[in-house]
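Single-letter residue listing:
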Amino acid sequence: MTALTDTKYIRFLRRAFLHQTRQQIVDYTTAIRALIWQRQGIFAAATVLAVAYINAPKALLCYSIVLLTELLDLRLARRVANWEGTGAKQARAFSIQILLNTALSATAITLFVLMVALEQRSGDHFAPLFFLFAAALFCAMNNHNIIGALVIRLAIYAVGFTTIALIDVVRYMPPITSPIWLQFFTVVFVMYFILDVSRLFLGMYRENQAYITKLEAEHAKTMSAFKVKSNFVSTVSHELRTPLTSIKGSLDLIASGALGTFPKELAPVLDLAGRNCKRLSDLINDILDVQSMEAGHFLSDLKPLCLEELIEDAVQMNHGFADTHGVYLDYVNPGTRTFISADSRRMTQVMTNLISNAVKFSDHGETVTLRCEQADTKVVVFVEDNGIGIPEGSQDKVFGQFSQVDSSDERDVGGTGLGMNITKQIVELHKGVIDYFSELGVGTTFMVAFDRIPEPSKDAVAEKPNKAKVVKPRPVTPRHAKAAGTRKAASASRPPKDPAPWNDPDTIPMPSVGQI
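Only a predicted model underlies this, so the values are computations on that prediction, with no experimental measurement involved.

1. Some points on the overall build of the protein chain
Summing up its helical and strand segments, the protein chain has 15 helices and seven strands in all. Taken over 516 residues, the protein chain has a buried fraction of 41%. Put simply, of all contacts in the protein chain between residues at least 6 apart along the chain, 75% involve residues at least 24 apart. In the form shown here, the protein chain has an accessible surface area of approximately 29100 Å², with 62% of it arising from carbon and sulfur atoms.

2. Thoughts on the pairing of strand 6 (residues 433–439)
In terms of burial, strand 6 is a largely internal element, five of the seven residues being buried. Direction of pairing for strand 6 relative to strand 7 (residues 443–451): antiparallel, over a ladder of seven bridges. Looking at strand 7, one finds that aspartate 435 is bridged to methionine 447. Between the end of strand 6 and the start of strand 7, which pair antiparallel, lie three residues, with glycine 441 showing a positive phi angle near 80°.

3. Some thoughts on the environment of isoleucine 180
Here isoleucine 180 lies in helix 8 (residues 179–256). Expressed as a C-alpha distance, the spacing of isoleucine 180 and aspartate 124, which sit 56 residues apart in the sequence, is 8.8 Å. Non-local contacts of isoleucine 180, meaning those with residues more than four positions away in its chain, are made with Asp168, Val169, Tyr172 and Pro174.

4. A look at the state of the cysteines
Note on terminology: disulfide describes a covalent bond linking the sulfur atoms of two cysteines. Applying the stated rule across the entire model yields zero disulfides. Cysteine 372 takes part in no disulfide bond, and the closest cysteine sulfur, belonging to cysteine 306, lies 8.2 Å away.

5. Examining the packing of aromatic side chains
Scanning all chains against the criterion turns up nine aromatic pairs. An angle of 50° between the planes, with centres 6.1 Å apart, marks the rings of phenylalanine 399 and tyrosine 436 as tilted. A residue pair is termed long-range when its members are at least 10 positions apart, and phenylalanine 399 in helix 13 (residues 395–399) and tyrosine 436 in strand 6 qualify at 37 residues. Take tyrosine 436: its relative accessible area is 9%, and that puts it in the buried class. By way of ring pairs, the aromatic residues Trp181, Phe184 and Phe185 are connected into one cluster. In this structure, arginine 22 is placed above the aromatic ring of tryptophan 83, and the distance from its NZ or CZ to the ring centre is 4.5 Å.

6. Things to note about the confidence of the model for the protein chain
Within the protein chain, residue pLDDT values average 78, and 78% of them lie at 70 or more. Note that pLDDT drops below 50 for residues 407–411; the model gives that stretch three contacts with residues more than four away or on any other chain. Low pLDDT, under 50, characterises residues 465–516; the predicted model gives this stretch 90 contacts beyond four residues in sequence or across chains.

7. Quick notes on helix 6 (residues 126–142)
With 17 residues, helix 6 should reach 24 Å at 1.5 Å per residue; the first-to-last C-alpha distance of 24 Å fits that figure. Those residues of helix 6 that sit buried are Pro128, Leu129, Phe131, Leu132, Ala135, Ala136, Phe138, Cys139, Ala140 and Asn142.

8. Description of the sheet that holds strand 2 (residues 328–331)
Across the sheet, five strands lie side by side as 2-4-5-7-6; this open sheet has mixed pairing. Edge strands, defined here as strands with exactly one partner in the open sheet, are strand 2 and strand 6. Strand after strand, the sheet turns through a mean of 15° between neighbouring axes, direction not considered. Its contacts with the sheet put helix 14 (residues 419–429) on strand 6 and strand 7, and the angle it makes with strand 6 is roughly 135°.

9. Digging into the packing of helix 12 (residues 344–360) against helix 14
Across the interface, helix 12 lies against helix 14 with an axial gap of 9 Å and an inter-helix angle of 140°. Considering the angle they form, helix 12 stands oblique to helix 14. Of the two possible hands of crossing, helix 12 and helix 14 adopt the one that is left-handed. Residues Arg346, Gln349, Val350, Asn353, Leu354 and Asn357 of helix 12 pack against Gly419, Met420, Ile422, Thr423, Ile426 and Val427 of helix 14.

10. Focus: the pattern of salt bridges
The final tally for this structure, using the stated rule, is 10 salt bridges. Two residues, glutamate 70 and arginine 39, come together in a salt bridge whose shortest N-O distance is 2.7 Å. Remark: arginine 39 occurs in helix 3 (residues 36–53) and glutamate 70 occurs in helix 4 (residues 56–81); sequence separation between them is 31 residues. Across the pair, exposure class does not vary: glutamate 70 and arginine 39 are buried alike. Between aspartate 196 and arginine 199 there is a salt bridge, with its nearest N and O atoms 2.8 Å apart. Of this pair, aspartate 196 and arginine 199 both sit in helix 8, three residues apart, which is roughly one turn of that helix. For aspartate 196, a relative accessible area of 25% gives the class partly exposed. The exposed category is assigned to arginine 199, whose relative accessible area is 53%.

11. As for the nonpolar core
Of all hydrophobic cores here, the largest spans 50 residues; its most connected members are Ile25, Ile98, Phe112, Tyr157, Phe161 and Ile164. With 13 residues, helix 5 (residues 88–119) is the single largest residue contributor to this core. Setting aside anything within four residues of it in sequence, one finds tyrosine 157 in contact with Ala106, Ile109, Thr110, Leu132, Ala135, Ala136 and Cys139. Residues Leu305, Met347, Val359 and Met420 belong to the second largest nonpolar core, which totals 39 residues.

12. Things to note about helix 3
With 18 residues, helix 3 extends 26 Å from end C-alpha to end C-alpha; this agrees with the ideal 26 Å at 1.5 Å per step. Among the residues of helix 3, Ile36, Arg39, Gln40, Phe43, Ala46, Thr47 and Ala50 are the ones counted as buried. The arc enclosing the buried residues of helix 3, seen along the axis, measures out at 135°, which places them on a common side. Pointing more than 90 degrees away from the buried face of helix 3 are the exposed residues Trp37, Val48, Ala52 and Tyr53. Looking at the buried side of helix 3, the elements it contacts are helix 2 (22–34), helix 4, helix 5 and helix 6.

13. Some remarks on a nonpolar patch on the surface
On the surface, a cluster of nonpolar side chains totalling about 380 Å² of accessible area is made up of Phe189, Tyr192 and Phe193. Tracing the chain through its elements places tyrosine 192 in helix 8.

About the criteria used
- Residues numbered from 1 in each chain as written.
- Predicted model: local features only at pLDDT ≥ 70, side-chain atom pairs only at ≥ 80, totals over all residues.
- Heavy atoms only, no water.
- Helix = DSSP H or I, 4+ residues; strand = E, 2+ residues; numbered from the N terminus.
- Buried < 20%, exposed > 50% of the residue type's maximum accessible area, 1.4 Å probe, protein only.
- Contact = heavy atoms within 4.5 Å.
- Areas by Shrake-Rupley, 256 points an atom, 1.4 Å probe, with all protein chains shown as cover.
- Pairing = 2+ DSSP bridges.
- Disulfide = S-S within 2.5 Å.
- Phe/Tyr/Trp six-rings, centres within 6.5 Å; stacked < 30°, edge-to-face > 60°.
- Lys NZ or Arg CZ within 6 Å of the ring centre and 35° of its normal.
- pLDDT = per-residue confidence, 0-100.
- Expected span 1.5 Å × (residues − 1).
- Axes fitted to C-alpha atoms, helices over the stretch in contact; angles between N-to-C directions.
- Parallel < 35°, antiparallel > 145°, perpendicular 65-115°, else oblique.
- Left-handed = near helix turned anticlockwise from the far one by under 90°.
- Salt bridge = Lys/Arg side-chain N within 4 Å of Asp/Glu carboxyl O.
- Core = buried A, V, L, I, M, F, W, Y, C linked by side-chain atoms within 4.5 Å.
- Arc of directions from axis to C-beta.
- Patch = residues over 30% accessible without salt bridge, like charges linked within 9 Å, V, L, I, M, F, W, Y side chains within 5 Å.

What follows is the structure, encoded as structure tokens:
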């Protein structure tokens, strides 16, 4: 039975003094580096007082020894900061070094305090006791990461407390009613107080460690579930894309008459089926984009990109979509060449989402205007429509996932509810900012700002995205010219829109439409 008990004690002592976790060692040495100047302030103040009132040479000698132990602690802290392994052997070596440094530091501080006490000839030892109390309290509050180091430091300080309290008892052998004995019992009470404080801080540290361990376990479970979910959604989306492409292709063949004539009564049904296939295909593509962003594999190639050319190409690519809605795209290339660092394919996706969103919410015959302007170190793209506008306080819905400002079943504009969310994420991945200002019944202006970069050499410039898909801009028809003239006349009669402030205070302020 005794052998078993001894074995338990030995295991406990090994765990307390030698078997420290990596986190405990890192926490301990991090506290050493973080509190270095606080400790030096305490030591310097004690040294100044000792030099002025006690014994200058001895005080400076003791302070030098304390500084030497501080340098040993800092050296150990740097070694731990560069520690890349997780082996138990290295952790044990660091644990031993921490215990040795702790013993040296506590001994040096205690000898400093004892020197002050011994140099005092009167019975008042308030100064050395207070110095030691400050050191012990500092230890209780900040050295609880490793219980072995805490025990060694407090044990050495306890020897110092007891020695100081017994100095005058040994010198004068006073009766029990003497104030000297009162000082002794007060010192005992102070030691109990420090032990209690140490116990409280040690308990809080262990609770925090247990809570962090629990959080890490929950995080690991969550990440595992998230990975399973992502793989499932990605697999299902890819599996849906193949049959959907076949269905859409078959419907297009039937609708085009390539497979022969079909009853006219089927035309609305085929049109509805085709539109819903397109909507489902867009949803699958958006879901795959979201999964790609969550996995961190979204931006493939960042190169210098001419923003004016990007906007012009995006306008040309979206002319057909705008024409089907009876909306004119108005963009005049300013002739400048402003460059940003971007993934050309994803930036084309941003412009397409902004343009298609503006077109969908514009009335028949209206105009969507695009502008590109420079402001200090930024370049800003404006996409302005004269549609129905966005109610105040709808930013979460505008940029949220699977959400639209009008989410009712009777809404006029369809969509997946992911387009603007993906746009915002792409912009933020490029370290840009996206925002909008809107007025109900007047229109909305989306703004995207990026950091400008110097114009690169021709070899470094990104190729124009999807160049094969670019179509020639269609001419301005009388209908569009009339609609544009009506819009400009209406705009002149109403006050300019005031821009909403940017979310990021470091970004540029947005000018109002009337100021540009």
